[in-house]
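Examination of the molecular architecture
So you can see what is in the structure, the chains are spelled out below.
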Amino acid sequence: MSKPGDKVSITTKDETIKGTLMPDDDNFIVVKLDSGYNMGINRKSVKNIKVVEAHKPHKESTTGHTHMPGLPLISILHTGGTIASKVDYETGGVIARFSPEELLAQFPELSAIVNVESRLIRNMFSEDMRFAHYNILAKEIEKEVKKGASGIIITHGTDTLHYSAAALSFMVRPLPVPVILVGAQRSSDRGSSDAAMNVVCAAAFIAQTDFAGVAACMHASMSDDTCVIIPGTHCRKMHSSRRDAFKTVNAQAWATVNVTDKKVTLLRDDYTRRSAAKPVVMQIDEDLKIGILYAHPNMHADEIKQYEEYDGLVIAGTGLGHVPINEIDDETKEHTKILKALASLTKKGVPVVMTSQTIFGTIDLDVYATGRKIQDAGVLGNGTYITTDVAFIKLAWLLTNHKDHIATHWSQNMVGELGDGSPSGVPW
Amino acid sequence: MTQHDYAKLGLKCGLEIHQQLEGRKLFSHCATTIRDDEPEGTIVRRLRAVAGEEGHVDVAAIGEMRKERSFVYEYYNNGTSLVELDEAPPVPLNHDALMATLQLSKLVQATPVDQAHVMRKTVIDGSNTSGFQRTALIARNGMLRSSSGDITIPTICLEEDAARIIGQTADVVTYRLDRLGIPLIEIATGPEIKHPDQALDVAQRLGMLLRSTGKVKRGLGTIRQDLNVSIAGGQRVEIKGAQELKMLPTLVQFEVDRQLALLQIAKDLKERKSATHGFKDVTSAFQNASGIIGTVIKQGGVVLGLRLCDATGLLGREVQQGRRFGTELSDAAKIASGVKGIIHSDEQLSKYNIGDGENNAIRSTLGCGQGDAFVLVAAPLAQAEKALTAVAERYNMAFKGVPKEVRKANIDGTTSFLRPMPGAARMYPETDIPTLTITKEILERIVLPERIDERSARYVKLGLAKDLADLAAGAEEHPEFEDFLRKFTALKPAYLAEVFFTSGRTIKRQFNIDITPTTEDFEVLFSSLQANLVPKEAVLDILKERKPVMELIAKYKSLSDDDLDKALDEIITKNPGKPYNALIGIAMGTLRGKAPGQKVNERLKKKLGQ
């Protein structure tokens with residue numbers, strides 16, 4: 001019985017084709033020719049497949065690794081967003097690499113900056129992450145800090161990297177070391193992958209500064225020259241595919257790192273310094289159901305009502321934090337119902353917090369009558385600069401750890417998550 | 001040129017043609033326009049070698065990474081997209097390009113694959129922003145009949161063109177992204193070409209078939225041909241970038257010369273038991289250096305020397321017209337390190353201001369005995385070391401004969417080393433693009449285009465001379481020409497072709513004027529000619545005016561018979577006593593373009609009673 005990787009001789013009615021068998025593709029037998037090209041042969045045309053040489057899986061070489069004296073030790077925790085992989089040209093498969101030896105082989109520059117240990121926590125798409133995974137990750141960070149790591153790099157899928165960064169900022173405190181999340185917008189099997197530079201710059205930042213706390217490290221522009229260190233609670237993926245998708249929102253970035261000379265340029269000095277503190281993990285209740293509702297024209301009260309069984313709701317309002325609640329003519333009768341639904345929800349004990357779908361800028365519910373009515377309905381958030389994503393995380397964490405003080409704690413800057421309206425890194 | 005017995009030498013020669021297609025790019029929505037205006041932005045990138053199985057990195061990729069270069073990419077806000085910048089995933093494969101490839105495949109009786117898979121072919125010289133080229137095998141087992149036998153066409157592929165080099169320094173290569181992603185049809189022949197002239201014939205035929213699809217880009221650089229050449233005992237060498245088709249035979253010939261020379265050098269090296277020895281610093285040999293060497297030393301550089309035992313005479317041996325074995329070593333040094341060149345002891349050292357004193361000092365430091373040769377390089381230390389390491393490597397390769405490598409075609413038909421031949425298996429699936437099933441429905445939609453040579457034969461039957469027929473058949477405007485054939489049946493096909501296709505050339509040659517007539521202009525012109533409104537003699541004058549023909553018909557209207565008679569009468573009256581010969585001259589001069597010459601002649605003769 002032939003299997004992928006076997007060298008085969010395939011007979012059809014017209015010819016005999018030699019090559020390496022690849023995984024099937026529905027109705028097609030796929031073969032890699034000697035030229036390296038793959039081609040699909042209609043299954044119906046195939047008369048016979050003869051195995052000429054069975055596939056011998058290559059034995060993984062375990063070379064081991066040593067630590068250089070004088071260099072800080074960092075732990076790399078993999079959750080996904082494979083930053084290192086190799087291509088098996090024989091089968092065409094892309095294989096993720098996780099071990100310290102493999103990482104150092106892929107990023108030799110690292111060995112001049114840091115010593116590396118690494119562990120595989122998960123290898124998952126980041127959109128599949130749940131509160132449970134934040135809890136797992138928080139515990140792993142605690143473990144690594146106990147083991148004496150000078151810093152931790154977390155590899156992560158880019159889609160929800162900013163959610164995890166926010167979660168860890170709330171959950172593991174006080175952090176005595178830096179925890180830097182990195183991802184790759186271009187898969188690491190490519191020569192053009194941004195993974196290497198992101199990891200190396202993160203390591204350089206850890207090695208050269210006394211920064212402690214959660215941050216993300218990704219490309220600052222489309223060029224391979226500078227990475228930006230973004231505060232974990234002011235981070236957002238702002239482009240579906242560009243290397244510089246991650247931007248700092250409602251705050252200033254901590255630093256930039258130049259990949260050529262590994263020079264770190266600190267942009268602010270109001271960061272928490274390294275210490276010998278022992279972090280405590282304050283988890284997020286995995287059973288919490290928090291909704292995110294995007295306000296829009298032509299809304300209906302039902303959209304609010306469907307959250308009656310939820311534990312909390314984040315509304316991404318328009319402008320300064322608005323939802324259509326003004327009945328101004330015959331056509332807007334629904335809006336009174338929306339306001340009623342909001343009030344009803346908060347009265348039931350479901351905290352409702354307002355953010356802005358503009359992403360940047362303050363939520364101010366005092367400027368217009370709309371906002372004041374929304375406040376009267378019990379909605380929180382007035383006077384805060386916070387993104388919808390971070391608000392979602394903060395609400396979940398508050399519901400778990402400060403259930404009775406949500407209103408007061410919402411406007412408190414607990415881990416630097418409330419912005420200050422300083423110019424952000426994104427050019428307008 | 002030496003005439004070789006190519007059969008005896010075991011010449012194997014194959015051709016690889018890359019033809020650009022018109023329309024949209026292969027994996028983005030951009031047009032396929034080459035830009036020469038200032039780019040609107042640039043980015044800087046570094047590419048990394050990707051480990052294959054067992055951490056083994058592709059040979060050519062190591063070579064590239066060793067150079068520690070960065071790449072600058074020039075882009076346009078309209079005309080290049082995030083796909084070309086490697087900042088967005090590719091869009092689905094351009095279906096028109098696939099159809100054109102299938103058409104070409106049908107023309108050479110190649111069999112399309114049942115299901116095509118787009119692959120990533122690792123390329124990290126910077127010419128692809130993603131670090132790979134997207135390429136797919138579309139058809140196999142085609143055949144071309146040539147004047148000297150059948151040539152197999154094992155594969156036809158559809159792939160994206162690379163970015164083009166704009167500039168290069170030691171550390172930075174600048175590319176422009178306009179060309180990146182233009183669809184290319186790649187046709188690879190088998191190694192059945194047996195004679196240099198046959199290479200030209202095959203290339204011309206394939207070019208004609210490609211143009212027959214009507215889907216190809218035209219102009220300089222839109223079609224590239226690469227040659228693969230080997231002789232018995234030699235190695236397959238790929239020659240890239242042949243600029244002109246007519247140079248193909250020379251390139252083959254000179255490569256055969258080179259391989260023969262290298263095989264002889266290998267023999268000689270082994271016989272002499274030659275060897276290399278580690279390089280040493282010989283800067284001290286140059287006390288008051290002038291010229292190139294002097295400048296390098298003054299700027300803090302060094303002169304390093306490499307001893308090659310018993311190699312005297314070998315370095316200066318010619319391997320190709322105007323190129324020596326030493327030139328091959330120099331190529332290796334240049335490519336590896338970016339130095340401008342090397343100096344070797346078989347050269348006229350005085351041209352580098354190296355006198356006997358310096359020569360002796362060098363030979364002494366290097367420990368050269370009689371018969372030993374040396375190679376020098378003057379450059380900053382790190383660069384010089386890179387250069388001589390490459391020279392030593394290349395020298396040691398020479399013991400085995402001909403290295404398998406990729407070379408660049410030079411204008412004179414010689415070749416220069418470009419890079420090592422890449423390893424075979426460096427392709428893996430492009431998982432961003434779904435597989436393409438080439439269904440029966442798709443195949444049924446392929447219309448076999450009329451081949452240009454068959455069209456030309458058709459035109460010859462209509463009365464065009466062969467050259468004119470070839471010109472018309474190969475022209476992009478042949479459909480318009482065939483429209484004219486249908487509409488203006490009173491005019492001879494050959495005449496229509498001559499006016500439509502050659503008037504521009506003729507007017508340029510005779511009057512140094514460039515004309516740009518539209519199809520409408522020709523319509524009006526032919527219509528007027530057919531209706532005898534204007535005489536044929538007026539055609540060039542009309543076109544030369546560079547105004548819409550519609551506005552000029554009145555001006556060039558043929559004289560009516562009555563008016564013609566009146567004009568002739570006037571001429572006769574004004575020139576009493578002059579003989580016919582004189583009168584016809586005056587008449588032709590005055591009436592040229594106003595009446596057909598034959599008519600003028602006839603009527604004048606009648607009037608004179610002849």
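Residues numbered from 1 in each chain as written. Chains lettered and ligands numbered in written order. Predicted model: local features only at pLDDT ≥ 70, side-chain atom pairs only at ≥ 80, totals over all residues. Heavy atoms only, no water.

Let us now look at the overall build of chain A. If you tally the helices and strands in chain A, you get nine helices and 22 strands. Counting only C-alpha atoms, chain A reaches 80 × 60 × 40 Å along its principal axes. In chain A, which comprises 428 residues, the proportion classed as buried is 55%. Contacts spanning at least 24 positions in sequence make up 65% of the contacts within chain A whose residues lie at least 6 apart. When the accessible surface of chain A is summed, it comes to about 18200 Å², and 51% of that surface belongs to carbon and sulfur atoms. (Helix = DSSP H or I, 4+ residues; strand = E, 2+ residues; numbered from the N terminus. Buried < 20%, exposed > 50% of the residue type's maximum accessible area, 1.4 Å probe, protein only. Contact = heavy atoms within 4.5 Å. Areas by Shrake-Rupley, 256 points an atom, 1.4 Å probe, with all protein chains shown as cover.)

All told, the structure shown has 71 salt bridges over all chains when counted by the stated rule. For lysine 237 of chain A, the salt bridge goes to aspartate 159 of chain A, with nearest N and O atoms at 3.0 Å. Of this pair, lysine 237 of chain A sits in strand β15 (residues 235-237) while aspartate 159 of chain A sits in the loop between β10 (151-155) and α3 (161-171), and the two are 78 residues apart along the sequence. A relative accessible area of 14% places lysine 237 of chain A in the buried class. Taking relative accessible area as the criterion, aspartate 159 of chain A reaches 40% and is therefore assigned partly exposed. Across the pair arginine 323 of chain B and glutamate 328 of chain B runs a salt bridge, and its minimum N-O distance is 3.3 Å. Glutamate 328 of chain B carries the same exposure label as arginine 323 of chain B, and that label is buried. One network of salt bridges, with partners in common, ties together Glu255, Arg258, Arg323, Glu328, Asp331, Arg394, Glu405 and Arg407 of chain B. (Salt bridge = Lys/Arg side-chain N within 4 Å of Asp/Glu carboxyl O.)

Time to look at the environment of valine 179 of chain A. Residues and elements named next belong to chain A. Mapped onto the elements, valine 179 comes out in strand β12 (residues 178-182). The spacing of valine 179 and serine 75 is 104 residues in sequence and 9.5 Å in space, taken between C-alpha atoms. Excluding residues within four positions of it along the chain, valine 179 makes contact with Ile141, Ile152, Ile154, Gly213, Val214 and Ala215.

Residues and elements named next belong to chain B. Mapped onto the fold, serine 105 is located in helix α3 (residues 95-107). Among the residues examined, serine 105 registers a relative accessible area of 1% and is labelled buried. Leaving out residues up to four positions away in the same chain, serine 105 has contacts with Ala110, Ala139 and Ile156.

This part is about the sheet that holds strand β14 (residues 280-281) of chain B. Residues and elements named next belong to chain B. Across the sheet, four strands lie side by side as β14-β15-β19-β18; this open sheet has antiparallel pairing. With one partner strand each, in any of the chains shown, β14 and β18 (343-344) form the two edges of the open sheet. In the packing of helix α9 (residues 381-397) onto the sheet, contacts are made with β15 (302-308) and β19 (373-379), and the angle to β15 comes to roughly 15°. (Pairing = 2+ DSSP bridges. Axes fitted to C-alpha atoms, helices over the stretch in contact; angles between N-to-C directions.)

Our next topic: the sheet that holds strand β22 (residues 352-356) of chain A. The strands that make up a sheet pair up through hydrogen bonds in the backbone, lying either parallel or antiparallel. All names here are of chain A. Across the sheet, three strands lie side by side as β20-β21-β22; this open sheet has parallel pairing. On the outer flanks of this sheet lie β20 (290-294) and β22, each paired with one strand and no other. In this sheet, neighbouring strand axes are inclined to one another by 20° on average, regardless of whether the strands run parallel or antiparallel.

Here we come to the interface of chain A and chain B. At the interface, 48 residues of chain A touch 47 residues of chain B. Taken together, the two surfaces of chain A and chain B that pack against each other cover about 3900 Å², and 49% of this comes from carbon and sulfur. Interface area lost by chain A to chain B is led by Tyr37, Tyr89 and Met222 of chain A, which between them contribute 21%. On inspection of chain A and its partner chain B, the count reaches seven salt bridges. A salt bridge links arginine 243 of chain A to glutamate 87 of chain B, with the nearest nitrogen and oxygen atoms 3.2 Å apart. Where chain A touches chain B, the interface holds 22 residue pairs in polar contact (both at pLDDT 80 or more). Elements with a minimum of two residues in the side of chain A that touches chain B: β3 (28-32), β4 (38-42) and β7 (85-88) of chain A. Per-element tally for the side of chain A that touches chain B: the top contributor is β4 of chain A, with five residues. Class assignment for the residues of the side of chain A that touches chain B results in 15 nonpolar, 18 polar and 15 charged. Alignment of β4 of chain A against strand β5 (residues 115-116) of chain B, held across two bridges, turns out to be antiparallel. (Buried area = accessible area lost by both parts, 1.4 Å probe. Polar contact = N/O pair within 3.5 Å; in protein donor to acceptor, adjacent residues only side chain to side chain. Nonpolar A, V, L, I, M, F, W, Y, C, P; charged D, E, K, R; others polar.)

Counting residues in each nonpolar core, the largest one holds 137 residues, and the members touching the most others are Leu227, Phe325, Val375, Tyr395, Phe481, Leu525 and Phe526 of chain B. Those residues in contact with leucine 227 of chain B that lie beyond four places of it in its chain are Cys13, Gly14, Leu15, Ala199, Val237, Glu238, Ile239, Leu248, Leu251 and Val252 of chain B. (Core = buried A, V, L, I, M, F, W, Y, C linked by side-chain atoms within 4.5 Å.)

Without other data, these values stay purely geometric and don't point to any function.
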